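Given next are the chains, with one letter for each unit.
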Amino acid sequence: MTNQAPIPVIVNGAAGKMGREVIKAVAQAPDLNLVAAIDTSPEHQDQDAGELVGLSEPLEVPITNQLEAMLGYVAGDRQSPPGVMVDFTHPDGVYDNIRSAIAYGIRPVVGTTGLSPEQINDLADFAEKASTGCLIIPNFSIGMVLLQQAAVTASQYFDHVEIIELHHNQKADAPSGTAIQTAQLLGEIGKPFNSAIVEETEKLPGARGSLAQEGIRIHSVRLPGLIAHQEVIFGAPGQIYTLRHDTSDRSCYMPGVLLAIRKVSQLKSLVYGLEKIL
Ligand SMILES: NC(=O)C1=CN([C@@H]2O[C@H](COP(=O)(O)OP(=O)(O)OC[C@H]3O[C@@H](n4cnc5c(N)ncnc54)[C@H](OP(=O)(O)O)[C@@H]3O)[C@@H](O)[C@H]2O)C=CC1
Ligand SMILES: O=C(O)C1=N[C@H](C(=O)O)C[C@H](O)C1
């Protein structure tokens, strides 16, 4: 660690399940400085971020819904390294949040899922033109990176695979960003999966899940009691190979989030996926 001034961090979605974890993680990191905590939720406006997450001392950072003002404030601080906006908000708002941050020269670290491929391409163009780093990471846990790597290896030997993702029932988007990325990674192998041996009829629409790349199917389960889980199931005559990742606590995402905050300012364009910065 150098004597450089700490990296200014804006947490967007501060009052949410992930935002609260990020506030705690950033507050404990000596090389990071929480400078703003943004959330549109009316019930938490003006509440101190430290109090919100249960720290013993206030952080002297009030929750506000004024994202643009905070981006401008951080961008105007020439004494500090470039600012970073960590976004765990909602699929409906995340595209605009990222555009705004890049426009102010603030580097986005984005965990929010639900961006369309067109939106990601557009943001990549925008970040490239602005020469500004931007990280979009569908899953910040190391376990999921390892599962995806194992799945890519297995996909070279198995021709049949389906993905099941299981999440808490407050999740807005389906399928999960992680499942979409997993299917993309398997699709990059460049071979078709799951060639049909019978003509299938769905007696209830959606019974066979959604169809992603190269014939890969994704099934989404939403239940209270779940956090975030994914199975990738490979099948071949006489054998089943199952890879599974379970999240039991959202703290599992924090090492990846902190790594992304520290790395994003070294980038000049948009990078998608935690595996690219490990
Ligand atoms: N990449 C990863 O590793 C992970 C990604 N995620 C993703 O992160 C996102 C957030 O998840 P989670 O924390 O569970 O969700 P929550 O609903 O718990 O938190 C989101 C928070 O953001 C607020 N919010 C919504 N829209 C905006 C906006 N435009 N600007 C500022 N604040 C906003 C919400 O307020 P209100 O409730 O009033 O709407 C809420 O307080 C989801 O897309 C989820 O899939 C989650 C876990 C890990
Ligand atoms: O909403 C969640 O909780 C999660 N969302 C991400 C996704 O959509 O993949 C990451 C993780 O699965 C938790």
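Residues numbered from 1 in each chain as written. Chains lettered and ligands numbered in written order. Predicted model: local features only at pLDDT ≥ 70, side-chain atom pairs only at ≥ 80, totals over all residues. Heavy atoms only, no water.

A. Focus on the pattern of salt bridges. Across all of its chains, the model carries 10 salt bridges by this definition. As a salt-bridge pair, Lys-24 and Glu-21 come within 3.6 Å of each other at their nearest N and O atoms. Taken together, the positions of Lys-24 and Glu-21, both in helix H1 (residues 17–27) and three residues apart, correspond to about one turn of that helix. A salt bridge links Arg-262 to Asp-31; the shortest N-O distance between them is 2.7 Å. Taken together, the residues Arg-262 in helix H8 (residues 254–264) and Asp-31 in the loop between H1 and strand E2 (32–38) connect sequence positions 231 residues apart. (Salt bridge = Lys/Arg side-chain N within 4 Å of Asp/Glu carboxyl O. Helix = DSSP H or I, 4+ residues; strand = E, 2+ residues; numbered from the N terminus.)

B. Highlighting the site of ligand 1. Within the structure, ligand 1 sits among 21 residues, and Met-18, Asp-39, Thr-113, Ile-137 and Lys-171 are positioned closest to it. Interatomic distance of 2.8 Å between a side-chain N/O atom of Lys-171 and an oxygen atom of ligand 1. In the complex, 77% of the free accessible area of ligand 1, which totals 920 Å², lies under the protein chains. Grouping the amino acids of the shell around ligand 1 by side-chain chemistry returns seven nonpolar, 11 polar and three charged. (Near = heavy atom within 4 Å. Polar contact = N/O pair within 3.5 Å; in protein donor to acceptor, adjacent residues only side chain to side chain. Areas by Shrake-Rupley, 256 points an atom, 1.4 Å probe, with all protein chains shown as cover. Nonpolar A, V, L, I, M, F, W, Y, C, P; charged D, E, K, R; others polar.)

C. Main features of the site of ligand 2. Within the structure, ligand 2 sits among Thr-113, Pro-138, Asn-139, His-167, His-168, Lys-171, Ser-176, Gly-177, Thr-178, Ala-228 and Tyr-253. The side chain of Thr-113 places a nitrogen or oxygen atom 3.4 Å from an oxygen atom of ligand 2. One nitrogen or oxygen atom from the main chain of Gly-177 is found 2.9 Å from an oxygen atom belonging to ligand 2. Contact with the protein chains removes 85% of the 320 Å² of surface that ligand 2 exposes when unbound. Considering only residue class, the shell around ligand 2 consists of three nonpolar, seven polar and one charged.

D. Highlighting the confidence of the model for the protein chain. The predicted model of the protein chain averages 97 in pLDDT, with 99% of residues at 70 or higher. Of the two predicted TM-score estimates for the complex, the pTM is 0.97 and the ipTM is 0.99. (pLDDT = per-residue confidence, 0-100.)

E. Structural detail: the layout of surface pockets. By volume, the largest pocket amounts to about 900 Å³. In terms of lining, the largest pocket is formed by 43 residues, of which the most central are Met-18, Phe-88, Thr-89, His-90 and Thr-112. Breaking the lining of the largest pocket down by element, the ones donating at least two residues are H1, strand E7 (160–167), helix H7 (177–187), strand E10 (228–236) and strand E11 (239–247). Partitioning the lining of the largest pocket into residue classes produces 14 nonpolar, 23 polar and six charged. In this model, the second largest pocket occupies a volume close to 380 Å³. Looking at the second largest pocket, it is lined by 19 residues, and the ones nearest its centre are Leu-115, Ile-120, Ile-180, Gln-184 and Tyr-272. Mapped by element, the contributors of at least two residues to the lining of the second largest pocket are helix H5 (117–130) and H7. Looking at the lining of the second largest pocket element by element, the count peaks at five residues for H7. (1 Å grid on protein atoms, 1.4 Å probe; cavity = no way out; pocket = protein on both sides within 12 Å on 5 of 7 lines; lining within 4 Å. Points joined across faces, edges and corners; volume = space filled by probe spheres on them.)

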